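Each chain, letter by letter, is given below.
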Amino acid sequence: MENYSYQKRLKAIWEQAVQLYRDGNREPDSYFDADTLASMALIGLNTMDVYDYAEDYVCGGEPDFETFLMVCEARRDYFLTIQKGLHSNQKLDPATLPAKDAEVSGIVWLPRILPKARAKLRGELPPETMYGCGGDRNFFKTNNIHPAEFLRAVWAYEQDDARIIEWVGARRAAVTLETAS
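Everything numeric here is computed off the predicted structure, so don't read it as measured data.

(A) Looking closely at the overall build of the chain. Within the chain, the regular secondary structure consists of 8 helices and 2 strands. Counting helices and strands in the order they occur from the N terminus, the chain gives α-α-α-α-β-β-α-α-α-α. Over its C-alpha atoms the chain spans a radius of gyration of 17 Å, differing by no more than 12% from the 16 Å that the globule rule assigns to 181 residues. Once the C-alpha set of the chain is aligned to its principal axes, its extents read approximately 50 × 35 × 35 Å.

This is the structure we're talking about:
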């Protein structure tokens with residue numbers, strides 16, 4: 001996939017997936033031909049990276065294309081910069097994710113989304129786990145954080161959970177202040 005205009009190719013891939021889903025196709029493995037899959041692999045994406053976002057968009061109106069693009073951009077940057085274009089052989093075990101009601105510093109979902117964000121950046125999410133699912137979106141909305149922004153913060157602070165918790169806490173406090181005004 002050409003770097004300068006990859007976003008145009010990605011938009012065509014997104015539109016194709018949205019249309020296939022609208023047409024009733026629920027078989028993700030049938031969505032893309034070998035050339036498209038190869039293009040996606042060059043920027044660190046796989047079928048489920050597109051299918052999950054298309055499915056949620058068609059069914060619920062979000063995430064929109066712009067969010068999809070920004071999340072893909074964060075993944076692409078990490079893939080090309082940190083992973084040097086090499087795919088990880090690891091996969092996150094969904095059974096190891098903290099419970100949906102787990103919290104840290106009073107922030108529900110944060111313990112769950114941290115390993116998901118790290119796995120998303122590294123391309124290690126299994127097909128049954130989506131970064132940006134409904135629970136994730138609720139977390140983002142509640143804390144006034146964009147999904148791509150969270151990925152970049154997780155990348156910036158790497159394994160320093162305390163810094164990420166502090167960053168999310170500051171966002172949460174800003175939301176609370178705005179609501180109180």
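(B) Layout of the environment of Gly-24. Here Gly-24 shows up in the loop between helix H1 (6-22) and helix H2 (34-41). A relative accessible area of 43% means that Gly-24 is categorised as partly exposed.

(C) Examining the pattern of salt bridges more closely. Under the definition given, this model contains 11 salt bridges. Here Arg-76 and Asp-77 are joined by a salt bridge, their closest N and O atoms 3.6 Å apart. Neither Arg-76 nor Asp-77 differs from the other in exposure class; each is buried. Between Arg-152 and Asp-77 there is a salt bridge, with the nearest N and O atoms lying 3.0 Å from each other. Placement of the pair is Arg-152 in helix H7 (residues 147-157) and Asp-77 in helix H4 (residues 65-81), with a sequence separation of 75 residues. Put simply, Asp-56, Glu-62, Arg-137 and Lys-141 are held in one network by salt bridges that share partners.

(D) The packing of H4 against helix H5 (residues 110-122), seen in detail. The geometry of H4 relative to H5 is characterised by a closest axis approach of 7 Å and an angle of 65° between their N-to-C directions. Residues Val-71, Ala-74, Arg-75 and Tyr-78 of H4 form the contact with H5, whose participating residues are Lys-120, Leu-121 and Arg-122. Here the contact of H4 with H5 is composed, by residue class, of 4 nonpolar, no polar and 3 charged.

Criteria and thresholds
- Residues numbered from 1 in each chain as written.
- Predicted model: local features only at pLDDT ≥ 70, side-chain atom pairs only at ≥ 80, totals over all residues.
- Heavy atoms only, no water.
- Helix = DSSP H or I, 4+ residues; strand = E, 2+ residues; numbered from the N terminus.
- Rg over C-alpha atoms; globule rule 2.2 N^0.38 Å.
- Buried < 20%, exposed > 50% of the residue type's maximum accessible area, 1.4 Å probe, protein only.
- Salt bridge = Lys/Arg side-chain N within 4 Å of Asp/Glu carboxyl O.
- Axes fitted to C-alpha atoms, helices over the stretch in contact; angles between N-to-C directions.
- Contact = heavy atoms within 4.5 Å.
- Nonpolar A, V, L, I, M, F, W, Y, C, P; charged D, E, K, R; others polar.

Any link to function would need more than the numbers given here.
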